[in-house]
Amino acid sequence: MDQQKKVPQMRTLPSLIFMSRWLQVPLYLGLILAQAVYVYMFWSELYYLILSAFGNEAALKHILEAIAVEGAKVPVLVDAGVGTASDAAVAMELGCDGVLMNNDLQFAHYGHYRRL
């Protein structure tokens, strides 16, 4: 009545292969951590980009500082977040070499879309 069920023992090589999957845990934990850092960086930059699109001067300054290269002789142009002439003036005051204006401002000025 007291019967013991025997659990079949795995052989040595299959057992080692089965147990070796735990060696990959640090690798995958590192990948998960790196992905979390990239997601955080993406959302923080997206936050500043959205604020600059609505005309926040501090966010625009943050973006310009992030893309600025010290000592570079490449002109810096601003396109995103410029909706009014005062936004363009702020960008020029912050050190941009040029500001790209969108079609709505062109339409408001000319009354129609003009091809350049």
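Only a predicted model underlies this, so the values are computations on that prediction, with no experimental measurement involved.

Taken together, the buried positions of helix H4 (residues 85-93) are occupied by Asp87, Ala88, Val90 and Ala91. Down the axis, H4 shows its buried residues gathered within 160° of arc, on one side only. In this structure, H4 carries Ala85 and Glu93 as exposed residues pointing more than 90 degrees from its buried face. Immediately beyond the C-terminal end of H4, within one or two residues, lies glycine 95, with a positive phi of roughly 115°.

Core analysis: the biggest nonpolar cluster contains five residues, these being Leu60, Leu64, Val90, Ala91 and Cys96. Among the secondary structure elements, those contributing two or more residues to this core are helix H3 (57-67) and H4.

A word on the packing of aromatic side chains. For the structure on display, the rule yields two aromatic pairs. Here phenylalanine 42 and tryptophan 43 contribute two aromatic rings whose centre-to-centre distance is 5.4 Å and whose plane-to-plane angle is 75°, an arrangement assigned as edge-to-face. Taking relative accessible area as the criterion, phenylalanine 42 reaches 49% and is therefore assigned partly exposed. You can call tryptophan 43 exposed: its relative accessible area is 53%. One Lys or Arg, arginine 21, reaches over the ring of phenylalanine 18 and ends 4.0 Å from the middle of that ring.

Procedures and definitions
Residues numbered from 1 in each chain as written. Predicted model: local features only at pLDDT ≥ 70, side-chain atom pairs only at ≥ 80, totals over all residues. Heavy atoms only, no water. Buried < 20%, exposed > 50% of the residue type's maximum accessible area, 1.4 Å probe, protein only. Helix = DSSP H or I, 4+ residues; strand = E, 2+ residues; numbered from the N terminus. Arc of directions from axis to C-beta. Core = buried A, V, L, I, M, F, W, Y, C linked by side-chain atoms within 4.5 Å. Phe/Tyr/Trp six-rings, centres within 6.5 Å; stacked < 30°, edge-to-face > 60°. Lys NZ or Arg CZ within 6 Å of the ring centre and 35° of its normal.

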